[in-house]
Amino acid sequence: MKEIRIYVEGGGQSNTSRRQIRLGFNEFLSPIHNLARSHQIHWEVIPCGPRESAFKTFKFGLKTHPHAFNILLVDSEAKVTQSRWEHLRRQDHWQVPDLAEEHCHFMVCTIEAWLVADPDALAKFYGKSFNSKVLPAQPDVETVEKETLMSALNRATERTQKGPYHKINHCSELLKRLDPARVRARARHCDLLFKTLEAQITG
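Participant: Explain the layout of surface pockets to me, and be specific about the residues and the numbers.
Facilitator: Put simply, the largest pocket is a space of about 250 Å³. In terms of lining, the largest pocket is formed by 18 residues, of which the most central are Glu-9, Gly-10, Gly-11, Ile-111 and Lys-167. Where the lining of the largest pocket is concerned, the elements lending two or more residues are helix H1 (15-28) and helix H8 (167-177). Each residue belonging to the lining of the largest pocket can be placed in one class, and the counts come to six nonpolar, seven polar and five charged.

Participant: Just give me the short version of the packing of H1 against helix H2 (residues 30-38), but keep the residues and values in it.
Facilitator: Remark: H1 packs on H2, axes separated minimally by 5 Å, with the N-to-C direction vectors making an angle of 80°. In this view, H1 runs roughly perpendicular relative to H2, as classed from their interaxial angle. Contacts between H1 and H2 involve Asn-26, Glu-27 and Phe-28 on the former and, on the latter, Ser-30, Pro-31 and His-33. Of the residues contributing to the contact of H1 with H2, the split by class is two nonpolar, three polar and one charged.

Participant: Please set out the packing of H2 against helix H10 (residues 188-202) residue by residue, giving values where relevant.
Facilitator: Viewed as axis vectors pointing N to C, H2 and H10 meet at an angle of 5°, and their least axial separation amounts to 10 Å. Taken as axis vectors, H2 and H10 run roughly parallel relative to one another. Counted together, Pro-31, Ile-32, Leu-35 and Ala-36 of H2 and Phe-194, Leu-197, Glu-198, Ile-201 and Thr-202 of H10 form the full contact between these two elements. Its residues placed into classes, the contact of H2 with H10 shows seven nonpolar, one polar and one charged.

Participant: Hey, could you go over unusual backbone geometry for me, with residue numbers and the actual values?
Facilitator: With omega at -10°, the peptide bond leading from Val-108 into Cys-109 counts as cis. When you line up the elements, Cys-109 lands in the loop between strand E4 (104-107) and helix H5 (111-116). Here the phi dihedral of Glu-77 falls at roughly 70°; this positive angle occurs in a residue that is not glycine. Structurally, the position occupied by Glu-77 is in the loop between strand E3 (69-75) and helix H4 (84-92). By relative accessible area, which is 28% here, Glu-77 ends up partly exposed. One non-glycine residue, Ser-129, lies in the positive phi region at around 75°.

Participant: Give a detailed account of the packing of aromatic side chains, specifying residues and quantitative values.
Facilitator: Across all of its chains, the model carries seven aromatic pairs by this definition. On the basis of an interplanar angle of 75° and a centroid distance of 5.9 Å, the ring pair of Tyr-7 and Phe-58 is categorised as edge-to-face. With Tyr-7 in strand E1 (residues 3-8) and Phe-58 in helix H3 (residues 51-64), the pair connects residues that are 51 residues apart, well separated along the chain. Looking at Phe-58, the relative accessible area reads 0%, which means it is buried. Ring centres 4.3 Å apart and planes at 5° place the aromatic pair Phe-55 and Trp-94 in the stacked group. With Phe-55 in helix H3 and Trp-94 in the loop between H4 and E4, the pair connects residues that are 39 residues apart, well separated along the chain. We classify Phe-55 as buried; its relative accessible area is 2%. Pairwise contacts between aromatic rings join Tyr-7, Phe-58 and Trp-85 into one cluster. It is Lys-162 that lies over the ring of Phe-125; its NZ or CZ is 4.6 Å from the centre.

What counts as what
- Here the residue numbering is sequential within each chain, running from 1 through the sequence in written order.
- Only residues with pLDDT of at least 70 get local features here, since the model is predicted, and only at 80 or more are side-chain atom pairs given and counted; chain-wide, interface and lining totals rely on the full set of residues.
- Side-chain metrics in this entry use all non-hydrogen atoms of the structure; hydrogen atoms and water are not considered.
- We place a 1 Å grid over just the protein atoms. Points where a 1.4 Å probe fits but has no way out form a cavity, open points with protein on both sides within 12 Å along at least 5 of 7 lines form a pocket, and any residue with an atom within 4 Å of a point lines it.
- Grid points are joined across faces, edges and corners, and a volume is the space filled by probe spheres set on the points.
- A helix here means a DSSP run of H or I that spans at least four residues, while a strand means a run of E at least two residues long, and both kinds are numbered starting from the N terminus.
- Side-chain classes are defined by residue name, with Ala, Val, Leu, Ile, Met, Phe, Trp, Tyr, Cys and Pro counting as nonpolar, Asp, Glu, Lys and Arg as charged, and the others, Gly among them, as polar.
- Axes here refer to lines fitted to C-alpha atoms; in helices the fit is confined to the stretch in contact. Angles between the N-to-C directions go from 0 to 180 degrees.
- Oblique is the label for every angle not falling under 35 degrees (roughly parallel), over 145 degrees (roughly antiparallel), or within 65 to 115 degrees (roughly perpendicular).
- Working rule for contacts: check all heavy atoms of both residues, and any pair within 4.5 Å makes them a contact.
- Only protein chains enter the calculation, and the probe is 1.4 Å; a residue is then buried if its accessible area is under 20% of its type maximum, exposed if over 50%, and partly exposed in between.
- In summary, the pairing rule links any two rings of Phe, Tyr or Trp, Trp by its six-membered ring, whose centres are within 6.5 Å, and it sorts them by plane angle into stacked for under 30 degrees, edge-to-face for over 60 and tilted for everything else.
- Distance and angle both matter: a charge sits over a ring if NZ of Lys or CZ of Arg is within 6 Å of the ring centre and within 35 degrees of the ring normal.

Any link to function would need more than the numbers given here.
This is the structure in structure tokens:
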């Protein structure tokens, strides 16, 4: 295996916003990115916009890059109570490929769970008037529903100079500031992504 390709939901429609989210993910995943570089493994994060586009681009990538380790990374949108491919088959009604689970990974229930897992990073980004007290305090952020996460982020940031949380304008910069260890400790599917990639690189 000489190449890792991660097809990510998100990034919006413009080239600029997709470039920014690519940089954000590369920074957040830098421990694994650097490990891949040390093993001379090519690394590429591909922001795909909407989840349907991410799935289609991932399936196309399986054909165009058959020797790469291809990963689909999307929001789960709901709690994951079954195998990951089965979750997508039942929830999104997708015709999922016949691949091992290691090729499918989730941000549970959404990428905002990773953001609230590190409130210190949020506080440093938003600065004065950021209200960390309204963020979910559960040790396991994957138990927090999507609507609750979004509401909490909006309330925590609404009085800051940067304004309320905005996915396109803020998410990429926040990803760069997150402590991966903190996020992994509160989001087991994030931890699983790191462990899967590390195992692929080190063999």
